[in-house]
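Each chain, written out:
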Amino acid sequence: LDTIPADAPPYEGVDEAPPISPPPPSPPTPQAPPVGPNGKWRPGAALLAVAVLAGGAAGGVVGRITDDGAPAAVTTTAGTGAGTGSLAKLSNIQQLLARIEPAVVSVRTQAYQSGRFGPSQGAGSGTILTPDGEVLTNAHVVEGARTIEVFLNGEENGRPADLIGMNVAEDVALVKIRNASGLPTAELGKSGDLRVGDSVVAIGNALNLGATATVTEGIVSALNREIQAPGVDLDGLIQTDAAINPGNSGGPLVDAQGRVIGVDTAVAGDAQNIGFALAIDDVKPIVESLRAGKGTTSTVAGQQAFLGVTLEDAPGGAGVAQVVNGSPADDAGLQAGDVITKVDGTTVSSSAEAVNAIRTNKVGDTVTVTWTRDGRTMTGRAKLAAQ
């Protein structure tokens, strides 16, 4: 799911009982991120491929990873829904797919990557909600993206899309395909009708394998799960044993009638067949709020605030590894080898903190940057451009 930075976040599990036998090793796959250590949860699965400036590529996981010393609390309460049924025959799954699969999309992003890297590329999933191209996905799939592309089922070429808004705390995002009309849409079900044991199917861009979605079947293993970890607090989750893999983040979990009852979001990194989806009943009001303009819109395709530096961690701040010619940083006087210590008066102690400080601003804002060079402290003002 990620992945959780195109990438998703893991959580520490509380159950420390060792498995009866170790799971078999996964076959090597260039796009598959490593499993999180020590029972971590990996919320969302977005794939990340980072192009190094020196050439070559590497696979990795993007997202918030909890500290080993801070186990998450996972709790549950009983569900009392009416149930949504079971899949008795394989033909039922094929009928289900005929209803839902055309509305399942792949979401691919490019984002600014701090450090000695070029653009990072992420891959997640989504569900088309409206004929004019509204797509539901996870916030961690598109967070930080400067470009977003949506690939319809079976299409080799992506369609540009823009972020309508996202709720990072609830891990929900809504994007819109540009100039779209007449697209197939999904039917949203009622997660409140679910009962443990109901059949479900997960559909999405698992491992970013191709133009068609990957389909996995399972049941509702538990309801109203809650995951708490530093920086993450998700509740009301649907637990399922349907296989959820990197790239599934943001894709639909559907019931036996092909209705979307969840958004695939997290997977247990050190367990077997334990995945989580946001309950659609909780997601629906968030979508309406995002449509009303009440979400975060800082990650708009092509419109992320851009300073124009490549950063790396350095003693005392964020080291400038490279400055783009003609960029706001260049105009402000920054040079390779400088160490940024403050942005708008706020002290930064790492490259990540510097990036976050810049991204709190909008395109066109002017920021004051403080840096050190050869023991001297210098200050300049930069008008942020669109990346």
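On a predicted model such as this, the values are computed, not experimentally measured, just so you know.

A. Spotlight on the nonpolar core. Among the nonpolar cores identified, the biggest contains 47 residues, and Ile100, Leu136, Val142, Ile148, Val150, Ile203 and Val283 are the most heavily contacted of them. If you look at the next biggest cluster of nonpolar residues, it comprises 22 residues, including Leu334, Ala357, Trp371 and Leu384.

B. Seen up close, helix α3 (residues 280-291). Relative to the 16 Å expected for 12 residues at 1.5 Å per residue, α3 spans 16 Å between its end C-alpha atoms, a close match to the ideal helical length. Buried within α3 we find Ile280, Val283, Ile286, Val287 and Leu290. Buried residues of α3 fall within an arc of 115° about the axis and therefore sit on the same side. Where α3 is buried, its residues meet β7 (134-137), β9 (159-167), β10 (172-177), β15 (260-268) and β16 (275-279). Glycine 293, located one to two residues past α3, shows a positive phi value of around 85°.

C. The side chain of glutamine 239, seen in detail. In this structure, glutamine 239 sits in strand β13 (residues 232-240). When its relative accessible area of 10% is taken as the criterion, glutamine 239 is described as buried. A distance of 2.6 Å separates the side chain of glutamine 239 from the side chain of arginine 225, its partner in a polar contact. Ignoring anything within four residues of it in the chain, the contact list for glutamine 239 reads Ile219, Val220, Ser221, Ala222, Arg225, Ile274, Gly275 and Phe276.

D. Broad picture of unusual backbone geometry. Unlike most non-glycine residues, aspartate 171 shows phi in positive territory, near 60°. One can find aspartate 171 in the loop between β9 and β10. Phi at asparagine 179 is positive, roughly 55°, even though this residue is not glycine. Tracing the backbone shows asparagine 179 in the loop between β10 and β11 (199-204).

E. Quick look at the confidence of the model for the protein. In the predicted model, the protein carries a mean pLDDT of 74, and 71% of its residues have values of at least 70. Here residues 113-119 is modelled with pLDDT under 50, and outside its nearest four sequence neighbours on either side it reaches 26 contacts, counting other chains as well.

F. Spotlight on the pattern of salt bridges. Applying the stated criterion across every chain, the model contains 7 salt bridges. With a shortest N-O distance of 4.0 Å, aspartate 132 and lysine 176 are connected by a salt bridge. Here lysine 176 lies in strand β10 and aspartate 132 lies in the loop between β6 (117-128) and β7, a separation of 44 residues in the sequence. Aspartate 162 is paired through a salt bridge with arginine 178; the nearest N and O atoms lie 2.9 Å apart. Here aspartate 162, found in strand β9, pairs with arginine 178, found in the loop between β10 and β11; they are 16 residues apart in sequence, far enough to count as distant.

G. Summary view of a negative patch on the surface. Residues Glu170, Asp193, Asp233, Asp235, Asp281 and Asp282 make up a contiguous surface patch of negative charge. Those elements giving two or more residues to the negative patch turn out to be β13 and α3. With respect to the secondary-structure elements, aspartate 233 resides in strand β13. On the basis of relative accessible area, aspartate 233 is assigned to the partly exposed category, the value being 44%.

H. Broad picture of the packing of aromatic side chains. With the rule as written, the count across this model stands at 0 aromatic pairs. Here the guanidinium or amino end of arginine 108 rests over the ring plane of phenylalanine 151, the centre of that ring lying 4.1 Å away.

I. Here's a closer look at the environment of serine 191. Residue position: serine 191 is located in the loop between β10 and β11. What makes serine 191 buried here is its relative accessible area of 10%. It is 9.5 Å that separates the C-alpha atoms of serine 191 and leucine 223, two residues lying 32 residues apart in sequence. Beyond its immediate chain neighbours, meaning those up to four positions away, serine 191 contacts Ile238, Ile261, Ala279, Ile280 and Asp281. Within polar-contact distance, the side chain of serine 191 engages the backbone nitrogen of aspartate 281 at 3.1 Å.

J. Geometry of helix α5 (residues 351-359). Looking only at α5, the buried set comprises Ser351, Ala354, Val355, Ala357 and Ile358. On an axial view of α5, the arc spanned by its buried residues comes to 160°, and they lie on one face. Its buried side turned inward, α5 meets β17 (305-306), β18 (309-314), β19 (317-323), β20 (339-343) and β22 (366-373).

K. Spatial organisation of the pairing of β22. In the sheet, β20 pairs with β22 via 4 bridges, with the strands oriented antiparallel. For valine 343, the partnering residue across the bridge sits in β22 and is valine 369. Where β22 and strand β23 (residues 376-383) come together, 8 bridges link them in antiparallel fashion. Its bridge partner lying in β23, threonine 370 is registered against threonine 379.

L. Representation of the environment of glycine 197 in the model. Here glycine 197 shows up in the loop between β10 and β11. Note on glycine 197: relative accessible area 32%, which makes it partly exposed. The contact partners of glycine 197, leaving out residues within four places of it in the chain, are Ile219 and Val220.

Definitions and limits used
Residues numbered from 1 in each chain as written. Predicted model: local features only at pLDDT ≥ 70, side-chain atom pairs only at ≥ 80, totals over all residues. Heavy atoms only, no water. Core = buried A, V, L, I, M, F, W, Y, C linked by side-chain atoms within 4.5 Å. Buried < 20%, exposed > 50% of the residue type's maximum accessible area, 1.4 Å probe, protein only. Helix = DSSP H or I, 4+ residues; strand = E, 2+ residues; numbered from the N terminus. Expected span 1.5 Å × (residues − 1). Arc of directions from axis to C-beta. Contact = heavy atoms within 4.5 Å. Polar contact = N/O pair within 3.5 Å; in protein donor to acceptor, adjacent residues only side chain to side chain. pLDDT = per-residue confidence, 0-100. Salt bridge = Lys/Arg side-chain N within 4 Å of Asp/Glu carboxyl O. Patch = residues over 30% accessible without salt bridge, like charges linked within 9 Å, V, L, I, M, F, W, Y side chains within 5 Å. Areas by Shrake-Rupley, 256 points an atom, 1.4 Å probe, with all protein chains shown as cover. Lys, Arg positive; Asp, Glu negative; His and termini not counted. Charge placed at Lys NZ, Arg CZ, Asp CG, Glu CD. Phe/Tyr/Trp six-rings, centres within 6.5 Å; stacked < 30°, edge-to-face > 60°. Lys NZ or Arg CZ within 6 Å of the ring centre and 35° of its normal. Pairing = 2+ DSSP bridges.

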